Amino acid sequence: VSGLSPFFSAVGRMEEGVFHKAKESRLQFEMAYENQIREKIHLIIADYNTGLDESSAVLIPEWILAESKKYGYDPLFLTALIITESSFYNKARSNRNAHGLMQLKPATAIALASEIRLKWRGTHTLYDPRQNIALGAYYLNKMVDRFGDMTLALEAYNQGPSRLSRFLRKGYLPQRYSRKVLKNYRKIRFQPI
């Protein structure tokens, strides 16, 4: 280091080396953790009749990881939400006209797609697991931002934000859906690989 004594220059190089090794160790730990989570999600998916082609089934853990990182969620939490919504059955369609892995209604999905600049190609877009996961994770994050609480966000995800707001104005807090998601989350979170 220019202008420093040889002693302080050596200390600076040594600190740089220690910092570099710590950063390397942290990256190795993160990669090992992500690999473990990918494997766990893959094993969870294998327990379900997904209707997915083989390449999508292999890539779903990657897509869940990517969306989880984007919004700061535990990937297993998004996995639990998908289990609750569709049991990983990609062609799922509810009696309320919600579609795909994360069970989104077309009208909601169209609005979400425009917000995240995802190309909307009609309702069959919701049967593309990558796009469905991207839209569902974004929608959940919007509900968290709007309601400021994960329990309320989950209920809004399920009920719709307007309907939940009406319930809250009447003093009623639905919790059935959020409890179900959190129960699935605890189950898979503590399930050994």
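Bear in mind that the values here come from a model prediction, so they are computed numbers and not experimental data. (Residues numbered from 1 in each chain as written. Predicted model: local features only at pLDDT ≥ 70, side-chain atom pairs only at ≥ 80, totals over all residues. Heavy atoms only, no water.)

## A few points about helix H7 (residues 161-169)
Structural remark: α-helix, 3.6 residues per turn; residues separated by three or four positions point the same way.
Reasoning step 1: All buried positions along H7 are accounted for by Pro161, Leu164 and Ser165. The buried residues of H7 all sit within an arc of 100° when viewed along its axis, so they share a single face.
Reasoning step 2: Looking at the buried positions of H7, the neighbouring elements they touch are helix H5 (129-147) and helix H6 (150-159).
Reasoning step 3: Downstream of H7 by a residue or two, glycine 171 has a phi angle that is positive, lying close to 85°. (Buried < 20%, exposed > 50% of the residue type's maximum accessible area, 1.4 Å probe, protein only. Helix = DSSP H or I, 4+ residues; strand = E, 2+ residues; numbered from the N terminus. Arc of directions from axis to C-beta. Contact = heavy atoms within 4.5 Å.)

## Here we look at the environment of lysine 40
Reasoning step 1: Assignment of secondary structure puts lysine 40 in helix H1 (residues 6-46).
Reasoning step 2: Judged by its relative accessible area of 10%, lysine 40 is buried.
Reasoning step 3: Taking C-alpha positions, lysine 40 is 8.7 Å from leucine 76, a pair spaced 36 residues apart along the chain.

## Remarks on the packing of aromatic side chains
Reasoning step 1: For the coordinates displayed, the defined rule picks out seven aromatic pairs.
Reasoning step 2: With a centroid separation of 6.2 Å and an interplanar angle of 40°, the aromatic rings of tyrosine 73 and phenylalanine 77 are classed as tilted. Comparing tyrosine 73 with phenylalanine 77 shows no difference in burial state: the two are buried.
Reasoning step 3: Judged by centre distance (5.2 Å) and plane angle (45°), the rings of tyrosine 139 and tyrosine 157 are tilted. One end of the pair, tyrosine 139, is in helix H5; the other, tyrosine 157, is in helix H6, and 18 residues separate them in sequence. In terms of burial, tyrosine 139 and tyrosine 157 fall into one category: buried. (Phe/Tyr/Trp six-rings, centres within 6.5 Å; stacked < 30°, edge-to-face > 60°.)

## Details of the pattern of salt bridges
Reasoning step 1: Under the counting rule described, the total for this entry stands at six salt bridges.
Reasoning step 2: Across the pair lysine 70 and glutamate 67 runs a salt bridge whose closest N-O atoms are separated by 3.3 Å. Here lysine 70 and its partner glutamate 67 are both found in helix H2 (residues 54-71), three residues apart, which amounts to about one turn of the helix.
Reasoning step 3: For lysine 70, a relative accessible area of 53% gives the class exposed. (Salt bridge = Lys/Arg side-chain N within 4 Å of Asp/Glu carboxyl O.)

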